[in-house]
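Survey of secondary and tertiary structure
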Amino acid sequence: MGFRIIKTAVATLIAILVTDALNIPGATSAGLLAILGVDVTRKRSLRSVSSRFFASLLGLLLGSILFSLLGFHYWVLALYILIAFPAISKANFKEGIVTSSVVVFRVFNGEALSLGIFWTQVELLLIGLGSAMVVNMAYMPKGEGRLMEIRREVDGLFSVVFEHISLTLRDPEHVWDGKELIEANQAVERGILESNRAMENQMLQPDEAWNVYFYMRKEQLDNIQAMMHLISQIYERLTHGELASKLFDQLSKDVVTEEYTGKTEKLLTDLVDKFKEMELPHTREEFELRSAILQLCRELEFFLKISKKSKAPTSPTNLSLMKDKRLK
């Protein structure tokens, strides 16, 4: 049973009990409106409830005009749909079309128009949608644990990817199916979805740290894709490849740490300087291989720059402290 189902049941019960306690006819209609008003995040709930409320008022106005002029006939309902639905959509209340229809159809079933009937529908809207709003605002499950879990998964997959890159540089015949790269991309997309949802639940000052982290990883996946293309061009063992493999050995450790260590960056700087001191290639094949390795180091440099400038959270307990930390 999902948490949203529980919230929906609570909101529905509150709406029905309040309506019944106030002796307002149509308690079940208030419950139905509460069901329609429950949403997954606080901000979405606020937008949804507002849209549904104003769409219903607009629908009531248009429906009342049509019923008073043309009477309570089924074909008038069809005419109402033809007129009201485009009008509600144009007013940017599209999300409230179903809710407005519930209210208007209730008026139609009563086959009577009066100020009292109109006010009763408004009361039902306030109680039904208000109950949904109260339940949504009262509590939303925190996503910190889930986000941290996804982050550890992403970091772990990145680490495995770099281990395979290191092995390939040492032994070009190393076989790897690349499934961790696909899984990392899927995990990053889940992280972006969860972090966006978490921000939607923060009404005043949303913390974008998780969002920044997962978009950082998404950008770095492009670097890794470029690295994989370069790795495919290295088909022979070279001293340069073995030296470069040490960079990815270190990176596979750094990528799962909470802070930006700078160790891989220092190793990269030293290696590039060492490459400059080595003899020039003697054959075209050696030139192409060494060129691919050098470009691989350039891509690694871009990867590290993204890590260095970005920030991400570590844990729910010290999340605020991580706004001043640069994460790997």
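The structure displayed is predicted, hence computed values, not measured ones. (Residues numbered from 1 in each chain as written. Predicted model: local features only at pLDDT ≥ 70, side-chain atom pairs only at ≥ 80, totals over all residues. Heavy atoms only, no water.)

**A short note on the overall build of the chain**
Helix and strand counts for the chain stand at 12 helices and 0 strands. Walking the chain from its N terminus toward its C terminus, one meets helices and strands in the order α-α-α-α-α-α-α-α-α-α-α-α. In the chain, which comprises 328 residues, the share counted as buried stands at 46%. Put simply, 76% of the contacts in the chain that link residues at least 6 apart link residues at least 24 apart. (Helix = DSSP H or I, 4+ residues; strand = E, 2+ residues; numbered from the N terminus. Buried < 20%, exposed > 50% of the residue type's maximum accessible area, 1.4 Å probe, protein only. Contact = heavy atoms within 4.5 Å.)

**A closer look at the packing of aromatic side chains**
Evaluated as defined, the whole model comprises 14 aromatic pairs. With a centroid separation of 5.9 Å and an interplanar angle of 40°, the aromatic rings of Tyr 74 and Phe 108 are classed as tilted. You can see Tyr 74 sitting in helix α4 (residues 74-90) and its partner Phe 108 sitting in helix α5 (residues 97-110), a full 34 residues away along the chain. Tyr 74 gets classed as exposed once you look at its relative accessible area, which sits at 71%. Using a relative accessible area of 6% as the deciding quantity, one classes Phe 108 as buried. Three or more aromatic residues joined by ring pairs make a cluster, and in this case those are Phe 67, Phe 72, Tyr 74 and Phe 108. (Phe/Tyr/Trp six-rings, centres within 6.5 Å; stacked < 30°, edge-to-face > 60°.)

**Brief notes about helix α11 (residues 263-277)**
Helix length check: α11, at 15 residues, gives a terminal C-alpha distance of 22 Å against a target of 21 Å (1.5 Å per residue), a fit within 8%. Among all positions of α11, only Thr 264, Leu 268, Leu 271 and Phe 275 are buried. On an axial view of α11, the arc spanned by its buried residues comes to 65°, and they lie on one face. Set apart from the buried face of α11 by more than 90 degrees, the exposed residues are Lys 266, Lys 276 and Glu 277. For α11, the elements touching its buried residues are α10 (239-254) and α12 (284-309). (Expected span 1.5 Å × (residues − 1). Arc of directions from axis to C-beta.)

**Here's the deal with unusual backbone geometry**
The backbone phi angle of Asn 23 is positive, close to 60°, even though this residue is not glycine. Looking at the element boundaries, Asn 23 is found in the loop between α1 (3-21) and α2 (27-37). Residue Asn 23 is classed as exposed on the basis of its relative accessible area, which comes to 69%. Residues other than glycine seldom take positive phi values, yet Glu 111 does so here, at roughly 50°.

**Brief notes about the nonpolar core**
Phe 158, Phe 162, Ile 165, Ile 224 and Phe 248 are the most contacted members of the largest nonpolar core, which has 48 residues in total. With near-sequence residues (within four places) excluded, Phe 162 lies in contact with Ile 224, Met 227, Phe 248, Leu 251, Ser 252, Val 255 and Phe 303. By size, the runner-up hydrophobic cluster in this structure holds 30 residues, among which are Ala 55, Leu 60, Ala 84 and Leu 129. (Core = buried A, V, L, I, M, F, W, Y, C linked by side-chain atoms within 4.5 Å.)

**Brief notes about a nonpolar patch on the surface**
On the surface, a nonpolar cluster with roughly 370 Å² of combined accessible area is contributed by Ile 6, Val 10, Ile 14, Val 18 and Leu 22. Mapped onto the elements, Val 10 comes out in helix α1. (Patch = residues over 30% accessible without salt bridge, like charges linked within 9 Å, V, L, I, M, F, W, Y side chains within 5 Å. Areas by Shrake-Rupley, 256 points an atom, 1.4 Å probe, with all protein chains shown as cover. Salt bridge = Lys/Arg side-chain N within 4 Å of Asp/Glu carboxyl O.)

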